[in-house]
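Residue-level listing of the chains:
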Amino acid sequence: MGWKYKAGLGLIGTVVFIWVASAEITQRIFAEYNQPFALTYLGVSLMVVYLPIAVLKDWICSLFDGYSALGGTSTGLDVPLRINELQYNTEADLGSCLATEKDLSEREEGQPFNTSGEKDEPNLSKLGGELNSWGVVKCSLYLAPIWFITEYLSNSALANTSVASTTVLTSTSGLFTLFFGALLGQESINIVKVVAVFISMAGVAMTTVGNTWASDEMLSVTESRRHSIIGDIFGLLSAISYGLFTVLLKKSAGSEGEKVDVQKFFGYIGLFTLLGLWWLVWPLNAVGIEPPFRLPHSASTGEVVLFNGFVGSALSDYFWALSVVWTNPLVATLGMSLTIPLAMLADMVIHGRHFSAVYIFGCIQVFAGFIIANLSDKLLDKAGEL
């Protein structure tokens with residue numbers, strides 16, 4: 001387990017905390033400003049701020065590379081070529097033309113002829129695997145609508161049902177992540193992962209039953225209306241699109257994110273959303289899904305909307321993307337199921353709500369599924385040694 005995997009697990013914990021806090025704030029916003037599309041459009045579009053940050057980062061790195069190159073030469077005129085592939089090909093061609101006496105003797109003895117170009121062949125494949133800027137743009141272009149739909153469905157679920165119900169339904173994305181991952185070759189299905197998913201799904205089902213039984217006695221009529229079938233449908237559809245996006249993100253970024261710069265990737269998603277998806281508010285309003293668009297009626301509400309959009313969407317979504325790239329889609333998805341026990345704790349502290357033993361035991365099962373998914377490879381290795 002490398003440092004990136006450990007850092008990814010830490011990011012999962014951070015995102016879980018931010019998402020629960022953001023969900024509570026979002027529901028308070030909907031009490032005064034019921035505009036799911038506006039909140040989604042703002043939150044996703046704000047990710048465009050990562051583009052200038054990525055450009056500035058590249059510029060600073062190029063400056064440091066230039067200074068280090070100049071500092072390592074005697075005249076300043078023999079600066080290495082800036083294009084890595086060209087530099088590699090030049091050295092490889094030169095190496096293939098030069099052969100030492102040892103190489104010739106190995107050839108005479110029937111051993112394979114070895115050159116420096118062959119030794120460096122894995123490095124060439126690593127260079128070739130990285131997407132160029134246009135490749136990152138194309139990946140962002142076809143993934144931007146999927147991520148926007150995921151965020152919009154989640155916000156629409158929050159607008160129509162409770163935080164607990166939305167959290168439980170979106171946590172079923174672990175099942176869809178395993179399905180899409182196996183379908184697209186990003187997840188290898190083994191018995192331990194299947195058990196982890198079913199334990200987590202059983203925990204989700206138990207929290208649904210437990211929460212409904214406990215809350216029905218105490219919820220007011222106004223709160224009960226929010227537990228609508230429409231909100232549940234939105235939550236389930238959000239889980240499906242979330243699972244699909246998670247697998248496609250991992251497939252595009254590579255095993256450890258070596259193919260794309262995640263910062264630029266999400267920056268372009270924000271840009272395409274800002275420029276290309278604003279018009280969706282009118283057809284959504286025409287079919288009755290979205291209320292007529294309006295701006296916040298007060299400056300304070302607008303400030304809360306802006307702050308929640310940046311921290312609850314732009315910042316947390318970037319952290320989540322890094323956690324997917326640095327761990328794997330299934331672990332990241334099951335990790336998001338930890339929002340259920342945290343949401344339960346928040347409801348107990350903030351709203352003074354009580355939960356049944358079934359709900360609490362379900363939360364424990366969700367956490368157990370997350371732990372088993374993380375230890376799946378180690379458990380299989382130990383089983384193979386026996």
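Before any of the text, the structure's been laid out above.
As the structure is a computational prediction, the values presented were derived from the model and not from experiment.

Peer 1: Requested: an account of the overall build of the protein, with residues and values cited.
Peer 2: Counting secondary structure elements, the protein contains 20 helices and 0 strands. Nonlocal contacts in the protein, meaning residues at least 24 apart in sequence, comprise 87% of its contacts between residues at least 6 apart. Put simply, the protein shows about 20,100 Å² of open surface, and 67% of that area lies on carbon and sulfur atoms.

Peer 1: Go over helix α16 (residues 299-326), please, and point to the residues and values.
Peer 2: Between its terminal C-alpha atoms α16 stretches 39 Å, which fits the 40 Å expected from 28 residues at 1.5 Å a residue. The largest bend along α16 reaches roughly 30° and is located at S316.

Peer 1: Explain the environment of Q186 to me, using residue names and the numbers behind them.
Peer 2: Of note, Q186 is situated in the loop between α10 (173-183) and α11 (191-215). Note on Q186: relative accessible area 27%, which makes it partly exposed. Here the alpha-carbon distance between Q186 and P329, two residues 143 residues apart in the chain, equals 8.2 Å. With residues up to four places along the chain from it excluded, the contact list for Q186 reads G181, V247, K250 and K251.

Peer 1: Describe empty space enclosed by the protein, and please don't skip the residues or the numbers.
Peer 2: One pass over the structure, following the stated rule, counts 1 cavity of 30 Å³ or more. Computed from the structure, the largest cavity encloses a volume of approximately 540 Å³. Along the walls of the largest cavity sit 31 residues, with W19, A23, E151, S154 and L158 positioned nearest its centre. Taken together, the elements giving at least two residues each to the lining of the largest cavity come down to α1 (3-32), α2 (36-45), α8 (133-160), α9 (163-170), α13 (229-253) and α16. The class makeup of the residues in the lining of the largest cavity is 13 nonpolar, 16 polar and 2 charged.

Peer 1: Outline the side chain of S140, listing residues and values.
Peer 2: If you trace the backbone, S140 turns up in helix α8. A relative accessible area of 0% places S140 in the buried class. Here the side chain of S140 touches F265 through a polar contact of 3.0 Å, landing on its backbone oxygen. In this view, S140 contacts F265, Y268, I269 and F272; residues no more than four positions away in its chain are not counted.

Peer 1: Describe in detail α9, supporting the description with residues and values.
Peer 2: Most of α9 sits out of view: 6 of its 8 residues are buried. Taken together, the buried positions of α9 are V163, A164, S165, T166, T167 and V168.

Peer 1: Let's hear about the pattern of salt bridges: which residues, and what values?
Peer 2: Working definition: two side chains of opposite charge can pair if their charged atoms are close together. Applying the stated rule across the entire model yields 2 salt bridges. Across the pair K57 and D261 runs a salt bridge, and its minimum N-O distance is 2.9 Å. Placement of K57 in helix α3 (residues 50-71) and of D261 in the loop between α13 and α14 (262-276) is noted, with a sequence separation of 204 residues between them. Using a relative accessible area of 33% as the deciding quantity, one classes K57 as partly exposed. What makes D261 partly exposed here is its relative accessible area of 23%. The closest approach of N and O atoms between K264 and D58, which form a salt bridge, is 2.7 Å. One end of the pair, K264, is in helix α14; the other, D58, is in helix α3, and 206 residues separate them in sequence. Overall, the relative accessible area of 22% leaves K264 in the partly exposed class. Assessed through its relative accessible area of 31%, D58 is described here as partly exposed.

Peer 1: Residues and numbers for the packing of α8 against α14, please.
Peer 2: Interhelical geometry of α8 versus α14 gives an angle of 60° and a closest axis separation of 8 Å. Between α8 and α14, the angle falls in the class oblique. The handedness of the crossing between α8 and α14 comes out as right-handed. For the pair α8 and α14, the contacting residues are V136, V137, C139, S140, L141, L143, A144, W147 and F148 in the first and K264, F265, F266, Y268, I269, F272 and T273 in the second.

Peer 1: Quick rundown of the packing of aromatic side chains? Include the residues and the values.
Peer 2: Per the counting criterion, the structure on display carries 17 aromatic pairs. With a centroid separation of 5.6 Å and an interplanar angle of 70°, the aromatic rings of F37 and F148 are classed as edge-to-face. One end of the pair, F37, is in helix α2; the other, F148, is in helix α8, and 111 residues separate them in sequence. Residue classification places F148 among the buried residues on the basis of a relative accessible area of 3%. Here the aromatic rings of F245 and F266 are separated by 6.4 Å at their centres, their planes lie at 85°, and the arrangement is edge-to-face. Of the two residues, F245 sits in helix α13 while F266 sits in helix α14, which places them 21 residues apart along the sequence. Taken individually, F245 and F266 each receive the classification buried, so the pair is uniform in this respect. Here the aromatic cluster, defined as three or more aromatic residues joined through ring pairs, consists of W19, W147, Y242, F245, F265, F266 and W320.

Cut-offs and rules
Residues numbered from 1 in each chain as written. Predicted model: local features only at pLDDT ≥ 70, side-chain atom pairs only at ≥ 80, totals over all residues. Heavy atoms only, no water. Helix = DSSP H or I, 4+ residues; strand = E, 2+ residues; numbered from the N terminus. Contact = heavy atoms within 4.5 Å. Areas by Shrake-Rupley, 256 points an atom, 1.4 Å probe, with all protein chains shown as cover. Expected span 1.5 Å × (residues − 1). Bend = angle between axes of the 7 residues up to and from the residue. Buried < 20%, exposed > 50% of the residue type's maximum accessible area, 1.4 Å probe, protein only. 1 Å grid on protein atoms, 1.4 Å probe; cavity = no way out; pocket = protein on both sides within 12 Å on 5 of 7 lines; lining within 4 Å. Points joined across faces, edges and corners; volume = space filled by probe spheres on them. Nonpolar A, V, L, I, M, F, W, Y, C, P; charged D, E, K, R; others polar. Polar contact = N/O pair within 3.5 Å; in protein donor to acceptor, adjacent residues only side chain to side chain. Salt bridge = Lys/Arg side-chain N within 4 Å of Asp/Glu carboxyl O. Axes fitted to C-alpha atoms, helices over the stretch in contact; angles between N-to-C directions. Parallel < 35°, antiparallel > 145°, perpendicular 65-115°, else oblique. Left-handed = near helix turned anticlockwise from the far one by under 90°. Phe/Tyr/Trp six-rings, centres within 6.5 Å; stacked < 30°, edge-to-face > 60°.

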